[in-house]
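# Report on the structure
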Amino acid sequence: MKLSNLGYLLRQGVKNVWLNRLLSAASIGVLTVCFLLIGTAVLFSRNLGSFVHGIEKKNELVVFLEDNTSKHVAEQLKKIKNIASFTFVSKEAALKLQLETLYEGGDLFDELNRDNPLPDCYRVTLHDVDIIKKTVDKINKIHGIVHVNSPNDVAQIITTIKNTVNYAGIVIVAFLLFVSLFIVATTIKMTIYDRRREINIMKFVGANNIFIRVPFLVEGLILGIISAFLAYGMLYLGYSYMFDVLAKFKVAVLPMIKENMVPFQEISAYLLSGFLYLGSIIGTFGSVFFVRKHLKV
Amino acid sequence: MILFSNVSKEYANGAVALDNVSFTVDTGEFVFVVGHSGAGKSTIMKLIMREEKATSGQIEVNGYDLQGIRRRQISRYRRSIGMVFQDFRLINQMTIYDNVAFALRVTGVVGREIRKRVLYILDLVGLLPKARCFPHQVSGGEQQRVALARALVNNPSIIIADEPTGNIDPELSNGVMELLDEINKCGPTIVVVSHEHNLVKKLNKRVINLENGRMIADTGLGDWFKGEEDGKRQRLDEE
Ligand SMILES: Nc1ncnc2c1ncn2[C@@H]1O[C@H](COP(=O)(O)OP(=O)(O)O)[C@@H](O)[C@H]1O
Ligand SMILES: [Mg+2]
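To start, this report covers the structure provided alongside it. (Residues numbered from 1 in each chain as written. Chains lettered and ligands numbered in written order. Predicted model: local features only at pLDDT ≥ 70, side-chain atom pairs only at ≥ 80, totals over all residues. Heavy atoms only, no water.)

This next bit is on the packing of aromatic side chains. Going through the model one piece at a time under the given rule, you end up with 12 aromatic pairs over all chains. Relative to A:F211, the ring of A:Y8 has its centre 6.1 Å away and its plane inclined at 40°; by these criteria the two rings are tilted. Taken together, the positions of A:Y8 in helix α1 (residues 3-19) and A:F211 in helix α9 (residues 209-248) put the pair 203 residues apart, joining distant regions of the chain. A relative accessible area of 8% means that A:Y8 is categorised as buried. Here the aromatic cluster, defined as three or more aromatic residues joined through ring pairs, consists of A:Y232, A:Y236, A:Y239 and A:F264. Across from the ring centre of A:Y193, 4.0 Å away, lies the NZ or CZ of A:R196, which sits over that ring. Looking at B:R89, its charged tip hangs above the ring of B:F85, at a distance of 3.8 Å from the centre. (Phe/Tyr/Trp six-rings, centres within 6.5 Å; stacked < 30°, edge-to-face > 60°. Helix = DSSP H or I, 4+ residues; strand = E, 2+ residues; numbered from the N terminus. Buried < 20%, exposed > 50% of the residue type's maximum accessible area, 1.4 Å probe, protein only. Lys NZ or Arg CZ within 6 Å of the ring centre and 35° of its normal.)

Listed below in structure tokens is the structure:
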């Protein structure tokens, strides 16, 4: 295969895409949506994972108390070996903290403090996060404890969400990939139909198999690759936009999300190569596998 | 050389197109194949092109055994044969030059070689001045000469033509046939399916006559013209 031949075959492939632009656009549309869903699922799951990791790393328990039990609890906490330190946060301090994350000014404080619903609490840090469950059990046995907020609980819930999203995502994406495979195949079948006269002429002048097939393969590849880049670009814009929007808000949980959000650059190469890989496979399969019988020499 | 030995062809729908046909065409020969519509003439051409495979019998062309040929060899085999059709089969979106060049390009010829050969062949069929025209801008006779140029450009040792003058004005048919005769003198074997008595008669070549899939005559001129009014241009049938 000489280089100038390859150029000719590539041009033929590009021509096919253009001649069949309506169906080509449909194929690209479906494939792009497919990739967007895959990309969104990947980004979502990666972020939840990073979020879970961030929470687990925090190594901090919050122990909520009944009123006027702080002294007694402090004595008991000292006895637990895995506890490195603890600090008392009064209900007033807790309220102030909450208000600060919600509003710039603190002028609501006095009004709300009259019947402050928040309990007193201790913020407890641990030596060893791995045995956190045992420590939580021990703390729970102390008299006067209302509740222990362990990062493990939150982490577990988020992990469950993450897994559910992953599974649902896999099913939806697999279905869509299947659909897009057929749409690409249909597009190429239409091209073959449009050009059957040309293909027929190619056959009786003794064209190489390569010359008959490669343009359709190129057509499929182009559809896959355009979709991959489109989806990548859209994800990049969408994700960056979300990043910016989150940066402007100041609600309690958001700082936590923001600081654990995976930067797009960290997985961009990953996403793009994944898309291109998938796009090439679908394009190639769509053109070669499903239309082989139409091209028999 | 073309060798048919006890060849029969039955299509998938049960139609028997050829029934035990045997003949040999030597290298450099010029042969007409004649017969009524449905006699099996086109089927012979399809078998030679290996578009169809014989149901039984033996076919050998240019040293290839067409019954046993492997799929990947077929394209190479076809390059040794040039084919011309009644309906020209040109690509309308391509210029005359590109229609001919296309046949070279898809067989892997590149660059300057294409230009050289296409211009040479277009000159040979007398169409060099119209190289940049599109098929619809030239006459039927010229279109058929483009098709002939395309068949010739790969330097085939055999040219087969299925009613090449069937769609051309009578005055222009002569030119195409004469061109085929000229080409034949340069070496290639030529097999032409034709209805046109006058042309067949005028060229005075070997004639293979088919009827309902059987060969009923293989002669120089012989019986085929008996009973036909001399000088009256007439087609055996309209398809
Ligand atoms: N592809 C095909 N499938 C089924 N029958 C066919 C096919 N091609 C030709 N035939 C039949 O075979 C016979 C010979 O056809 P053909 O070789 O085209 O005749 P001719 O060219 O002499 O008119 C006819 O009866 C025709 O109907
Ligand atoms: Mg016919």
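Here the narrative resumes.
Once that is clear, we can look at the sheet that holds strand β1 (residues 60-65) of chain A. Residues and elements named next belong to chain A. Taken in spatial order, the four strands make up an open sheet running β2-β3-β1-β4, and their pairing is antiparallel. Whereas interior strands pair on both sides, the edge strands pair on one side only; in this sheet they are β2 (83-89) and β4 (145-149). For this sheet, the mean angle separating the axes of adjacent strands, direction not counted, is 20°. Taken together, the five bridges between β1 and strand β3 (residues 121-126) define a ladder with antiparallel strand orientation. In the sheet register, V63 faces β3, and the bridge partner there is Y122. (Pairing = 2+ DSSP bridges. Axes fitted to C-alpha atoms, helices over the stretch in contact; angles between N-to-C directions.)

Further remarks concern the site of ligand 1. Residues and elements named next belong to chain B. Among the 14 residues in the neighbourhood of ligand 1, the closest are listed as G38, G40, K41, S42 and T43. With respect to ligand 1, the backbone of A39 contributes an N or O atom lying 3.2 Å from an oxygen atom. At 2.5 Å from an oxygen atom of ligand 1 is found a side-chain nitrogen or oxygen belonging to T43. When isolated, ligand 1 has an accessible area of 560 Å², and the protein chains bury 68% of it. A per-element tally of the shell around ligand 1 places helix α1 (residues 41-49) first, with four residues. For the shell around ligand 1, the class distribution of residues is four nonpolar, seven polar and three charged. (Near = heavy atom within 4 Å. Polar contact = N/O pair within 3.5 Å; in protein donor to acceptor, adjacent residues only side chain to side chain. Areas by Shrake-Rupley, 256 points an atom, 1.4 Å probe, with all protein chains shown as cover. Nonpolar A, V, L, I, M, F, W, Y, C, P; charged D, E, K, R; others polar.)

With that settled, the discussion passes to the pairing of strand β9 (residues 206-211) of chain B. Each regular strand displays side chains that alternate between the two surfaces of the sheet. All names here are of chain B. For β9, the buried fraction is high: five of the six residues fall into the buried class. As paired elements, strand β3 (residues 30-35) and β9 share five bridges and run parallel to each other. Bridge pairing in β9 places V33 opposite I208. Pairing of β9 with strand β10 (residues 214-219), which is carried by five bridges, proceeds in the antiparallel orientation. In the sheet register, L210 faces β10, and the bridge partner there is M215.

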